[in-house]
Amino acid sequence: MSVELPEARILAEQMMVALPGRRVKRVELRDCEKLQRMGFVNRNPEDFSMLVGRTVEAVLSRGNTVRVTLDGGVNLLLAPEYGGLVLFHRDEGEAAARWHLMVGFDGGGALTVRLTSMGLVLAARDGDLTGSYMYRRDFLGGLSPLEDGFTLERFTKLVSGVNRGLKQVLVGKDAVLVGLSNSAFMDVIYRAGLHPRRRASSLCPRETGRLFEAVMNLVGERMSLGGKDEWVDLYGKRGGYAPRMGPNLLGRACPVCGSGVERIQHGGGAVYLCPVCQV
Ligand SMILES: [Zn+2]
């Protein structure tokens, strides 16, 4: 249920409608000790009290991270990157039973956040944002496929001649792009007809063009279909996008050529691929 760039942007857009102008009445954490030890949630739970009494000003996203800005220079960063639920409830009483963070607003609305895997729930002052790896990676790093600067020319400049595997180039802290995790990576290279073990330096201009198109199309389709089909939005509505390549294809035939889909270990995780279409 990973939350990548399309889902983070959908959440941010929905939150931008629901939250600005709302004043935080209270903040509660629940069952967070393990997440705090792992650095996914502020180690000091008292940090969240900085949000209380503050009013939401704006909500934006970049990469996989959503940034809620409140008056007085405080922020709530949310990145349920490898799985999680961010829900808005018009009435606090309707809030789901299981959450790690609950932000209650004056007037009765509430935001709940639950991480089901690696991710981030961080309260931080403006000056402390750069202390967060996720903030640095997503807001200060890479090119975003949702911004005007994402052009074939720019993308080509960034990837051509880079002697690193495609996964390192597209995913993670050293990626040239922000917002793609393993799930989008599998889908993108399948669409582009590229094998996961290819190095960026081995791509010919036509292949680089196919990769660029694949990123654009994947992000566009996932946003227009309301996100991935295993993800739910701010109001609990399930997305409509089924990955073209991924664990959902295991044991099935490639829809393009009919070959059996394979699974390999690559770049620190499982990668599904079509051994015929991806070369
Ligand atoms: Zn195939």
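For the structure, check the block above.
Below: a short report on this structure. Bear in mind the structure is a predicted one, so any value in this text is a computation, not a measurement. (Residues numbered from 1 in each chain as written. Predicted model: local features only at pLDDT ≥ 70, side-chain atom pairs only at ≥ 80, totals over all residues.)

So, on to the overall build of the chain. When its secondary structure is counted, the chain shows 7 helices and 10 strands. Here the C-alpha radius of gyration of the chain, 19 Å, is about what a compact globule of 279 residues would show, namely 19 Å. Taken along its principal axes, the extent of the C-alpha atoms in the chain is 55 × 35 × 35 Å. Taking the intrachain contacts of the chain between residues at least 6 apart in sequence as the baseline, contacts between residues at least 24 apart amount to 62%. (Helix = DSSP H or I, 4+ residues; strand = E, 2+ residues; numbered from the N terminus. Rg over C-alpha atoms; globule rule 2.2 N^0.38 Å. Contact = placed C-beta atoms within 7 Å.)

Next up on the list: the sheet that holds strand β8 (residues 120-125). The antiparallel open sheet is built from 4 strands, whose spatial order is β2-β3-β4-β8. Single-partner strands in this sheet number two, and they are β2 (56-62) and β8. Recorded for the sheet is a direction-independent mean angle of 15° between the axes of neighbouring strands. By the bridge criterion, 6 bridges tie β2 to strand β3 (residues 65-70) in an arrangement that is antiparallel. Opposite Val 59, over in β3, you have Val 68 as the bridge partner. The strands touched by helix α1 (residues 5-18) within the sheet are β2 and β3, with β2 carrying the most contacts at an inclination of about 165°. Where helix α3 (residues 133-140) meets the sheet, it contacts β2, β3, β4 (74-79) and β8, and its direction lies at approximately 100° from that of β3. (Pairing = 2+ DSSP bridges. Axes fitted to C-alpha atoms, helices over the stretch in contact; angles between N-to-C directions.)

The biggest cluster of nonpolar side chains holds 81 residues, and the ones touching the most others in it are Leu 51, Val 66, Val 121, Leu 170 and Val 188. Top element by residues in this core is helix α6 (residues 182-192). It accounts for 7 residues. If sequence neighbours within four positions are ignored, Leu 51 has contacts with Val 24, Val 27, Leu 70, Val 74, Leu 76, Val 103 and Ala 123. (Core = buried A, V, L, I, M, F, W, Y, C linked by C-beta atoms within 7 Å. Buried ≥ 20, exposed ≤ 12 C-beta atoms within 10 Å, placed from the backbone.)

What follows concerns the sheet that holds strand β6 (residues 101-105). Read across the open sheet, the 4 strands follow the order β1-β6-β7-β5; overall the sheet is antiparallel. Both edges of this open sheet fall to β1 (24-29) and β5 (84-89), since each of them pairs with a single strand only. Put simply, the sheet's adjacent strands are angled 10° from each other on average, direction ignored. The pairing of β5 with strand β7 (residues 110-115) spans 6 bridges and is classified as antiparallel. Considered in β7, the bridge of Val 86 is made with Val 113.

Now for unusual backbone geometry. A positive phi angle, close to 50°, is found at Asp 31, a residue other than glycine. Position of Asp 31 among the secondary structure elements: in the loop between β1 and α2 (33-37). The exposed category is assigned to Asp 31, around which 10 C-beta atoms lie within 10 Å.

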